[in-house]
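Here is what each chain is made of, one letter per residue.
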Amino acid sequence: MSPETLLENPSLTKSLNSASLTETFDTYVMNTYSRFPIAITKGQGCRLWDTEGKEYLDFVAGIATCTLGHAHPALIDVVSQQIQQLHHVSNLFYIPEQGDLAKWIVEHSCADRVFFCNSGAEANEAAIKLVRKYAHTVLDFLEQPVILTAKASFHGRTLATVTATGQPKYQKDFAPLVPGFAYIPYNDIEAVENAIADLDEGNRRVAAIMLEPLQGEGGVRPGDVEYFHRLRQICDQNNILLVFDEVQVGVGRTGKLWGYENLGVEPDIFTSAKGLAGGIPIGAMMCKKFCDVFEPGNHASTFGGNPFVCAAGLTVLQTIEKDHLLENVHDRGEQLRTRLRAIAQKYPTLFKEVRGWGLINGMEIHEEVSLTSPDIVKAALEFGLLFAPAGPKVLRFVPPLIVSESEIDLAVNLLEQAIEKVTHS
Ligand SMILES: *Cc1c(COP(=O)(O)O)cnc(C)c1O
């Protein structure tokens, strides 16, 4: 299929003039993002259309969020129905939809209970607070619990989660950061053992280790199975909680429902957000065994787990199950990696490696090459393919979980044209 085919779309209305749109936007919206120069106004499945009527294949999915793609009939039905019935009442009252979503998650994971909030950062904040209360009240009444996190990790932008994020570029200018965090290299068991020993002093010791099963923002780096097995043992032997940030890899993204299933170990606490309600804002913190550590008044969220978002979340999860999407994620992931590896082989001086699980995949550019991932993203955008950088040297492909075989083929064809263009200009 040629890229021209992508441009044919009669159904779109050009309601916005893009020049005035960006002018208004840049005048009134706070300048916290460097944006690609398009505005999307319509979506269907894995396709998006911008204000000019140009069609794109969407391998960003709202940053690994639009699990069922765009305008999915099941999501349309459930949110339309729920907004008419009841959308928000607060957690002062029982919310049946919240109970149903929590039940589904508990029945399909290692968790015993769920706390709902609105974003990934907020879910991680809840996990951090739970770890601290556990350390203070249960675990040797620790006064100075330390949480180990990984270098090149990403856990969010609130003060505690940006502190947990092991990347100085996100922390710069926001000191003083939150105390009680220390960093270790990812997939390095010796570093864990050393840190546990080094930090054990007086009333201070490691209370939890918080990691992504696969590092997303940090460059799509899968966790090492042996490392995580050993880590689980070390945590058990030392009374340390193992916390997984599944905000990006949970909810089917890796071809398993939860990222930890790829590692063969279970966490004590894990968090979810991005894909959980298919693009409706939600966050969730799951824990097992010591769920009673949080008591009424300890933690809360006004919007968290409202009927609207929980009905959407349950529908997303049920659709993954009913439509056998995990199989699709597995098969389409294999197909995508095979084709990306062929491209990497064709351009060996440009690309170093292709890696990933299911439908979260990265393609790394050699360090010494001057070309960056945003350069290739920008070029691909012109050919009608959207995907996202994960740092300056990794291309990240996270399409909706419903992506088809022909859409994967088309995306890689478009990517190849973009690469040809940037390498010949
Ligand atoms: C995106 C992300 C977060 C932050 O989620 P927000 O909803 O933006 O707060 C946290 N952890 C991981 C692994 C993420 O990918």
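In the nomenclature of an unreviewed UniProt entry, the chain corresponds to Acetylornithine aminotransferase from the organism Aphanothece hegewaldii CCALA 016. Per its UniProt entry, the chain bears the Sequence similarities (unreviewed entry) comment "Belongs to the class-III pyridoxal-phosphate-dependent aminotransferase family. ArgD subfamily." According to UniProt, the comment filed for the chain under the heading Subcellular location (unreviewed entry) is "Cytoplasm".

(A) A look at the sheet that holds strand β17 (residues 394-397). Across the sheet, which stays open at both edges, the four strands sit in the order β13-β14-β17-β16 with antiparallel pairing between neighbours. Edge strands, defined here as strands with exactly one partner in the open sheet, are β13 (351-357) and β16 (388-389). Where strand β14 (residues 360-365) meets β17, four bridges bridge the pair, whose relative direction is antiparallel. Opposite Met363, over in β17, you have Leu395 as the bridge partner.

(B) Quick look at the site of the ligand. Around the ligand, the structure places Ser119, Gly120, Ala121, Asn124, Phe154, His155, Gly156, Glu212, Asp245, Val247, Gln248 and Lys274. Separating an oxygen atom of the ligand from a side-chain N or O atom of Lys274 is a distance of 2.6 Å. Its free accessible area being 390 Å², the ligand has 81% of it covered by the protein chains. Here the element with the most residues in the shell around the ligand is helix α6 (residues 120-137); it accounts for three residues.

(C) Structural detail: the side chain of Arg47. Examined against the element boundaries, Arg47 turns out to sit in strand β2 (residues 47-50). With a relative accessible area of 19%, Arg47 lands in the buried category. A polar atom in the side chain of Arg47 sits 2.8 Å from the side chain of Glu55.

Parameters at a glance
- Residues numbered from 1 in each chain as written.
- Predicted model: local features only at pLDDT ≥ 70, side-chain atom pairs only at ≥ 80, totals over all residues.
- Heavy atoms only, no water.
- UniProt positions renumbered as here; feature names shortened; annotations may be inferred.
- Pairing = 2+ DSSP bridges.
- Helix = DSSP H or I, 4+ residues; strand = E, 2+ residues; numbered from the N terminus.
- Near = heavy atom within 4 Å.
- Polar contact = N/O pair within 3.5 Å; in protein donor to acceptor, adjacent residues only side chain to side chain.
- Areas by Shrake-Rupley, 256 points an atom, 1.4 Å probe, with all protein chains shown as cover.
- Buried < 20%, exposed > 50% of the residue type's maximum accessible area, 1.4 Å probe, protein only.

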